[in-house]
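Given next are the chains, with one letter for each unit.
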Amino acid sequence: MSALDEDWRADLDAVDAALIDDYQSGFPVVERPFRAVAADLGIDEAEALERVRRLRERGIFRRFGAVLNPPVIGSSTLAAVAAPAERFDEVAEVINGYRQVNHNYRRDHTWNMWFVVTAASRRKRDAILAEIEDRTGCPVLNLPMLTDYYIDLEFPVVNDDAFARESVAATDASATRISEEAVGDLTELEAALLIEIQDGFPLSATPYRDVAESIGADPGDVVDAVERLLADGCIKRVGCVVNHVVTGFDANCMVVWDVPDDDLDARGEAVGELPYVTLCYHRPRRPDQDWEYNLFTMIHGREADAVDAKIDELAAEHLPFDHERLYSTATLKQTGARYDELVSAGSEPES
């Protein structure tokens, strides 16, 4: 049963709905952001802050703060193992024990455990993968992102949509190459700031001042640094991060496609512009591991039948190629990337 079946919206009013749907990004980067939001919503600063606090306590918001962009700052990859059924929990425990593993899902596929490793450098990232392979005895499928066509989990949820962005007309997509050798060129202030805010901003009337006090910086310098990191793409957005599962979006499918290489960018950009496609990116084929897929898409939905129908549409009208549908069947780990790892390239991997 999804959270929607439990009518999670029953006691929400129009102001709550606006905070949930309209402030997933674009939260003002000013010393008193809740005062600015309150003015837009016709309430006072204390009420705006209390409402966000209450929505977080209910689990509708994961956190208030910045959505960071690991591939811009360090080296990140999607990896998978085919864990034997009788050892599944044991393998998951080993993988989840790494701080650099920030997401891990069980999927309905031969490669049944999919996880993300984010580290300060490609060398460190690959050392972690090698160690996981050695400790579990399971070969690791290493699939770093090579091109980002569209990645954005910001979408309205206070609705009856069966799939994400059902009521959205269009989105913009473009091919952005991702370097596996990325290492964030961060100032000392920026590095300290990212570590401090990785789990969210303080829920107070003056979050930037509070962060500044914690890292021994001037509040104005912290505000300037956040704006600079937004402009550079190290921070994707600042706002209230929604828990999509709590809001009913728990029928989510990763679809992998075998797209001709010379047609990949055109197809990737076109598919990335479809509103119902929440993620679209290029990862390498691994023919030596019987992995022939190079385009990944995600569709988030509340109803599995509706998600399957959109995948059927995607295959019939946009991607007439071999594909597989990998539904997530369990969340094994879900945290933010640990930025104390990302801003200190050169240290050895550790569990």
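Look up: the structure comes first, before these words.
Quick look at the structure, then. (Residues numbered from 1 in each chain as written. Predicted model: local features only at pLDDT ≥ 70, side-chain atom pairs only at ≥ 80, totals over all residues. Heavy atoms only, no water.)

**Things to note about the packing of helix 8 (residues 207-215) against helix 9 (residues 219-232)**
The packing of two helices is summarised by the inter-axis angle and the distance between the axes. Between helix 8 and helix 9, the shortest axis-to-axis distance is 8 Å and the interhelical angle comes to 105 degrees. Relative to helix 9, the element helix 8 lies roughly perpendicular. Where helix 8 approaches helix 9, its residues Tyr208, Arg209, Val211, Ala212 and Ile215 are matched on the opposing element by Pro219, Val222, Val223 and Val226. (Axes fitted to C-alpha atoms, helices over the stretch in contact; angles between N-to-C directions. Helix = DSSP H or I, 4+ residues; strand = E, 2+ residues; numbered from the N terminus. Parallel < 35°, antiparallel > 145°, perpendicular 65-115°, else oblique. Contact = heavy atoms within 4.5 Å.)

**Some details on the packing of helix 7 (residues 188-197) against helix 9**
Between helix 7 and helix 9, the shortest axis-to-axis distance is 10 Å and the interhelical angle comes to 85 degrees. Classified by the angle between their axes, helix 7 and helix 9 sit roughly perpendicular to one another. On the side of helix 7, the interface is formed by Leu189, Glu190, Leu193 and Leu194, while helix 9 contributes Asp221, Val222, Ala225, Val226, Arg228 and Leu229. Here the residues of the contact of helix 7 with helix 9 sort into seven nonpolar, no polar and three charged. (Nonpolar A, V, L, I, M, F, W, Y, C, P; charged D, E, K, R; others polar.)

**Examining the environment of glutamate 31**
Structurally, the position occupied by glutamate 31 is in the loop between helix 1 (14-22) and helix 2 (33-41). Sequence separation between glutamate 31 and valine 222 is 191 residues, and the spatial gap between their C-alpha atoms is 9.4 Å. When neighbours within four sequence positions are excluded, glutamate 31 is seen to be in contact with Ala205, Thr206, Pro207, Tyr208, Arg209, Pro219 and Val223. Side chain to side chain, glutamate 31 and arginine 209 meet in a polar contact 2.6 Å long. (Polar contact = N/O pair within 3.5 Å; in protein donor to acceptor, adjacent residues only side chain to side chain.)

**Some thoughts on the side chain of threonine 297**
Position of threonine 297 among the secondary structure elements: in strand 11 (residues 295-299). Accessibility expressed as a relative area gives 1% for threonine 297, which makes it buried. Separated by 3.0 Å, the side chains of threonine 297 and tryptophan 257 make a polar contact. Sequence-distant contacts of threonine 297, defined by excluding residues within four places in its chain, comprise Cys253, Met254, Val255, Trp257, Val271, Val277, Leu279, Cys280 and Leu314. (Buried < 20%, exposed > 50% of the residue type's maximum accessible area, 1.4 Å probe, protein only.)

**Some remarks on the pattern of salt bridges**
Using the criterion set out here, one finds 20 salt bridges in the structure. Between aspartate 263 and arginine 267 there is a salt bridge, and its shortest N-O distance comes to 2.7 Å. Taking the relative accessible area as the measure of exposure, aspartate 263 reaches 23% and is therefore partly exposed. With relative accessibility at 25%, the residue arginine 267 sits in the partly exposed group. If you follow the salt bridges from partner to partner, you end up with Asp13, Asp16, Glu47, Arg51 and Arg54 in one network. (Salt bridge = Lys/Arg side-chain N within 4 Å of Asp/Glu carboxyl O.)

**As for helix 9**
For helix 9, built from 14 residues, the straight-helix expectation of 20 Å at 1.5 Å per residue is met to within 8% by its first-to-last C-alpha distance of 20 Å. Those residues of helix 9 that sit buried are Pro219, Val222, Val223, Ala225, Val226 and Leu229. For helix 9, the arc enclosing every buried residue in end-on projection is 160 degrees, short of the 170-degree limit, so these residues lie on one face. Opposite the packed face of helix 9, turned more than 90 degrees from it, sit the exposed residues Ala231 and Asp232. Residues of helix 9 that are buried sit in contact with helix 7, helix 8 and strand 8 (235-242). The N-terminus of helix 9 is capped by aspartate 218, whose side-chain oxygen sits 2.8 Å from the backbone nitrogen of glycine 220. Phi for glycine 233, located one or two positions after helix 9, is positive at around 85 degrees. (Expected span 1.5 Å × (residues − 1). Arc of directions from axis to C-beta.)

**A short note on helix 3 (residues 45-57)**
Side chains three or four residues apart in an α-helix point the same way, a direct result of the helix having 3.6 residues per turn. Counted at 1.5 Å a residue, the expected span for helix 3 with its 13 residues is 18 Å, and the 19 Å between its end C-alpha atoms agrees. Those residues of helix 3 that fall on the buried side of the exposure criterion are Glu45, Ala48, Leu49, Arg51, Val52 and Leu55. Along the axis of helix 3, the buried residues cluster in a sector spanning 160 degrees; they form a single face. In helix 3, the exposed residues that point more than 90 degrees away from the buried face are Ala46 and Glu57. Where helix 3 is buried, its residues contact helix 1, helix 2, strand 1 (61-68) and strand 8. The N-terminus of helix 3 is capped by aspartate 44, whose side-chain oxygen sits 3.3 Å from the backbone nitrogen of alanine 46. One or two positions beyond helix 3, positive phi appears at glycine 59, with a value near 90 degrees.

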